Amino acid sequence: MYCVKELVESRGCLQSVPSNYVFPENHDDCIISEEETIPTIDYSLLTSGSPEQRSKVIHKLGIACREWGFFTVINHEVPKTLRDEMIKATEKFFDLSEEDKREYAGKKLFDPIRWGTSFNVKVDKTFFWRDYLKVQVHPQFNAPKNPPGFSEALEEYCKKNRELASELLKGISASLGLEESYLQKTLNVGSNSHQLLVINMYPPCPQPEVVMGLPPHSDHGLLTVLMQNGLGGLQVQHNGKWVPVNLPPDSFVVNVGDQMEIFSNGMYKSVVHRAVVNGKATRISIGTANGPPLDTVVSPAPELVDRQNRHAGYRGITYKQYMELQQSNHLDGKSCLTHVRI
Ligand SMILES: O=C(O)CCC(=O)C(=O)O
Ligand SMILES: [Fe+2]
């Protein structure tokens, strides 16, 4: 089985897409809204703004999580040099020979390093136009040996992402009217937290309108932090339309994951999103799924349920079981949350 990169490169000038990549429904038929944009959060106001600035940005975070499930983060503390290094090392990794990469052709969900294609080739009916590298980076750190320097950049980058996620989680906890530390304390987010690095590579496609980079799905963790190599492709579902995410250079896009929707008892939405591809250049996106420890049972926060005077809308499930559940279902455009809603 070929990865997309090898498929594109082995055919010289690929004119059309093999039929097992062609999606029955054409995604150009969907309604795309170019007018709307996801909200922007100024991270520096969260960490070093005046108390008034901080409370305003917390309020804005709450609106972003409730109404969009997505926001852009600017003025963060992840250096540009480190982000550039991650992109360069990623390109070098995917440029390794197929034989070298095969060493990481992991089969199981929790394998420390997994290189592969599509989502889950065992269950995907149609293949997606993406190759990936997934690395379990916390609480145990893993990294490919090659290319040289990748491991160091990756470790530092993932640590910076955890710091960013941690500050955002404090702000989000406060935006729910809870103590700042409530979310992290309740879900044991800290030294044992799970963090997965997901690198997506979408080679240029001769017929971008008939394939999918990543089909509609929601993310499993608490918060996903994502950067890209300057090329767009991410689209977010909002009020029945697909809204393209136009990321300013050097910013991150952050989204609420399924564990956050469960914890907030549905107040904050883990929104369905997808990645489309283009015909011109390789797009790379680098995400970290920041979650609680794998053995944490995530259920709606008791304080919120009491306050809302409602029942818990989701059954409790460990993060590990949830990830297994997501992997065992094919991505069918619906969120895996349908399996835990009461
Ligand atoms: O490539 C993108 O922009 C989206 C990636 C994504 O949704 C994911 O890795 O879960
Ligand atoms: Fe995603």
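Rules and cut-offs
- Residues numbered from 1 in each chain as written.
- Chains lettered and ligands numbered in written order.
- Predicted model: local features only at pLDDT ≥ 70, side-chain atom pairs only at ≥ 80, totals over all residues.
- Heavy atoms only, no water.
- Near = heavy atom within 4 Å.
- Polar contact = N/O pair within 3.5 Å; in protein donor to acceptor, adjacent residues only side chain to side chain.
- Areas by Shrake-Rupley, 256 points an atom, 1.4 Å probe, with all protein chains shown as cover.
- Helix = DSSP H or I, 4+ residues; strand = E, 2+ residues; numbered from the N terminus.
- Nonpolar A, V, L, I, M, F, W, Y, C, P; charged D, E, K, R; others polar.
- Core = buried A, V, L, I, M, F, W, Y, C linked by side-chain atoms within 4.5 Å.
- Buried < 20%, exposed > 50% of the residue type's maximum accessible area, 1.4 Å probe, protein only.
- Arc of directions from axis to C-beta.
- Contact = heavy atoms within 4.5 Å.

Draft legend 1. Focus on the site of ligand 1. By nearness alone, every residue bordering ligand 1 is listed as Val198, Asn200, Tyr202, Leu214, His217, Asp219, Leu226, Leu234, His273, Ala275, Arg283 and Ser285. Here an oxygen atom of ligand 1 sits 2.7 Å away from a polar atom, N or O, in the side chain of Arg283. Coverage of ligand 1 by the protein chains reaches 92% of its 290 Å² of free accessible surface. Per element, the largest residue contribution to the shell around ligand 1 is three residues, and it comes from strand β5 (residues 195–202). In the shell around ligand 1, the residues fall into six nonpolar, four polar and two charged.

Draft legend 2. Region of the structure containing the nonpolar core. Core analysis: the biggest nonpolar cluster contains 64 residues, and Phe71, Leu133, Tyr157, Leu168, Leu197, Met260 and Ile286 have the highest contact counts within it. The element contributing the most residues to this core is helix α6 (residues 150–175), with nine residues. Among the nonpolar cores identified, the runner-up in size contains 15 residues, and Val17, Trp129, Val211 and Val277 belong to it.

Draft legend 3. Quick peek at helix α10 (residues 319–328). Along α10, the positions that sit buried rather than exposed are Tyr319, Tyr322, Met323, Gln326 and Gln327. Take α10 and look down its axis: the buried residues cluster within an arc of 135°, on one side only. Tucked into the core, α10 has its buried residues touching β3 (113–117), α8 (258–263) and β14 (317–318).

Draft legend 4. Representation of the environment of Ile286 in the model. Structurally, Ile286 is set in strand β12 (residues 283–290). Other than its neighbours up to four places away in sequence, Ile286 contacts Met86, Ile87, Thr90, Tyr157, Leu197, Val198, Ile199, Val225, Leu226 and Met227.

Purely geometric numbers; function is a separate question.
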